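# A closer look at the structure
If you want the building blocks of each chain, they are given just below.
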Amino acid sequence: MSELPAYTPPKVWTWDKANGGQFANINRPIAGATHEAVLPRGKHPLQLYSLATPNGVKVTVMLEELLALGHSGAEYDAWLIRINEGHQFGSGFVAVNPNSKIPALLDCSGPEPVRVFESGAILLYLAEKFGAFVPTDAAKRAECLSWLFWQMGSAPYLGGGFGHFYAYAPSKMEYPINRFAMEVKRQLDVLNRRLADSSYVGGDNYSIADIAIWPWYGALVKGHIYEAGEFLQVHEYTHVIRWADEIAKRPAVQRGRMVNRVNGPPESQLHERHDASDFDTRTQDKLLPST
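So, here is what we can say about the structure in this document. (Residues numbered from 1 in each chain as written. Predicted model: local features only at pLDDT ≥ 70, side-chain atom pairs only at ≥ 80, totals over all residues. Heavy atoms only, no water.)

### With respect to the overall build of the chain
- Across its full length, the chain carries eleven helices and four strands.
- At 20 Å, the chain has a C-alpha radius of gyration in line with the 19 Å of a compact globule built from 291 residues.
- Over its C-alpha atoms, taken along the principal directions, the chain stretches across nearly 60 × 50 × 50 Å.
- Across the 291 residues that make up the chain, the buried fraction comes to 47%.
- Pairs at least 24 residues apart make up 64% of the contacts formed inside the chain by residues separated by at least 6 positions.
- As displayed, the chain has an accessible area near 14900 Å², and 54% of this comes from carbon and sulfur atoms.
- Here the chain contributes 28 positively and 31 negatively charged side chains, and the mean placements of these two sets differ by 2 Å. (Helix = DSSP H or I, 4+ residues; strand = E, 2+ residues; numbered from the N terminus. Rg over C-alpha atoms; globule rule 2.2 N^0.38 Å. Buried < 20%, exposed > 50% of the residue type's maximum accessible area, 1.4 Å probe, protein only. Contact = heavy atoms within 4.5 Å. Areas by Shrake-Rupley, 256 points an atom, 1.4 Å probe, with all protein chains shown as cover. Lys, Arg positive; Asp, Glu negative; His and termini not counted. Charge placed at Lys NZ, Arg CZ, Asp CG, Glu CD.)

Put into structure tokens, the structure is as follows:
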């Protein structure tokens, strides 16, 4: 390994606003709102404020899966939060999620709105609210939730660790890339071994564990994030690829991936979702002026 320049931490850390690479303009060491901004409200019981990052896709897939099962109470308005522009630091968003991260959900179906933030909490809240995608048997439920929280603990190594240093950091550094690549490959091996013995991550049935894990690790082995497939040799994880392909075929998953998406082909981007018909009438290819 090449020797890195020596670095001695100062006695007191200070914030260098220019440090941080691609996301330097939205990273800061303090919480709270930076400006006043009222969040919009739509007509449906559930109001989602999000962006189609892997964490955001979890929730839109879950909502579309619930609607596909016939749960009309899962109808939702999905509002676009452009994190690169700092929308998550508006006062209205901070009131729903004091951590200023997407996704954030407001359930307006009861006498008083209920806020839910953190993607895993949202998935579990919706699963319990509608009685779907989480087992009721105690042992099967424990297995499903164990894998759900495995994802919550593992994904920061993939996104904030490997993804940051491999794809987004202002310069390539051998030590952190090696450190996080090793951990991501270990996680993929954990998942691959599980899926060698089980149809889905949580057991025999599709569940919130799959919905949580697929946008991260399914996307990774299919080459949708970080352009690191060859580097990580993702073809080795055949059981993960089988599982990722199977889930990608689900119509609700295909719809969920489109909601709040701002990159990729225009026909795959539905910036806001307020009605099921929006998938047919309001994707970006239909809204952009013809040339």
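### Concerning the side chain of Gln-269
- Here Gln-269 lies in the loop between α9 (251-258) and α10 (278-281).
- Engagement of the side chain of Gln-269 in a polar contact is seen with the side chain of His-271, the distance being 2.9 Å.
- Contacts of Gln-269, omitting those with residues within four sequence positions, involve Met-258, Arg-261, Val-262, Asn-263, Gly-264, Arg-282, Thr-283 and Gln-284. (Polar contact = N/O pair within 3.5 Å; in protein donor to acceptor, adjacent residues only side chain to side chain.)

### Some details on the nonpolar core
- Formed by 70 residues in total, the largest nonpolar core has its most connected members in Met-62, Leu-126, Phe-162, Leu-191, Ile-208 and Trp-243.
- Here this core gets eleven residues from one element, more than from any other, and that element is helix α6 (residues 208-221).
- Residues contacting Leu-126, with those up to four places away along its chain left out, are Leu-46, Val-59, Met-62, Leu-63, Leu-66, Leu-105 and Gly-131.
- Counting twelve residues, the second-largest nonpolar core is a separate cluster that includes Tyr-49, Leu-51, Ile-102 and Ala-104. (Core = buried A, V, L, I, M, F, W, Y, C linked by side-chain atoms within 4.5 Å.)

### Quick look at the packing of helix α4 (residues 138-168) against helix α5 (residues 174-197)
- At a minimum axis separation of 9 Å, α4 and α5 run at an interaxial angle of 150 degrees. Looking at the two axes, α4 sits roughly antiparallel to α5. The element α4 and its partner α5 pack so that their crossing is left-handed. Counted together, Glu-143, Trp-147, Trp-150, Ser-154, Tyr-157, Leu-158, Gly-161, Phe-162, Phe-165 and Tyr-166 of α4 and Pro-176, Ile-177, Arg-179, Phe-180, Ala-181, Glu-183, Val-184, Gln-187, Val-190, Leu-191 and Arg-194 of α5 form the full contact between these two elements.
- Among the residues forming the contact of α4 with α5, the class breakdown is 14 nonpolar, three polar and four charged. (Axes fitted to C-alpha atoms, helices over the stretch in contact; angles between N-to-C directions. Parallel < 35°, antiparallel > 145°, perpendicular 65-115°, else oblique. Left-handed = near helix turned anticlockwise from the far one by under 90°. Nonpolar A, V, L, I, M, F, W, Y, C, P; charged D, E, K, R; others polar.)

### As for the packing of α5 against α6
- At a closest axis distance of 12 Å, the pairing of α5 and α6 adopts a crossing angle of 110 degrees. Classified by the angle their axes make, α5 and α6 are roughly perpendicular. Only Ile-213, Tyr-217, Leu-220 and Val-221 of α6 make contact with α5, whose side of the interface consists of Val-184, Gln-187, Leu-188 and Leu-191.
- Looking at side-chain class alone, the contact of α5 with α6 contains seven nonpolar, one polar and no charged residues.

### Brief notes about the pattern of salt bridges
- In this structure the tally under the stated criterion is 13 salt bridges.
- One salt bridge connects Lys-286 with Asp-285, and the closest N-O pair in it is separated by 3.6 Å.
- Its relative accessible area of 45% is what places Lys-286 among the partly exposed residues.
- Each of the salt bridges in this network shares a partner with another, and the network as a whole consists of Glu-64, Glu-75, Arg-255 and Arg-273. (Salt bridge = Lys/Arg side-chain N within 4 Å of Asp/Glu carboxyl O.)

### Comments concerning the packing of aromatic side chains
- If you walk through the whole model with that rule in mind, you get eleven aromatic pairs.
- Aromatic side chains Phe-133 and Tyr-206 sit 5.7 Å apart centroid to centroid with 85 degrees between the ring planes, which places their arrangement in the edge-to-face category. Note that Phe-133 is positioned in the loop between α3 (119-130) and α4 and Tyr-206 in the loop between α5 and α6, a separation of 73 residues in sequence.
- Looking at Phe-133, the relative accessible area reads 13%, which means it is buried. (Phe/Tyr/Trp six-rings, centres within 6.5 Å; stacked < 30°, edge-to-face > 60°.)

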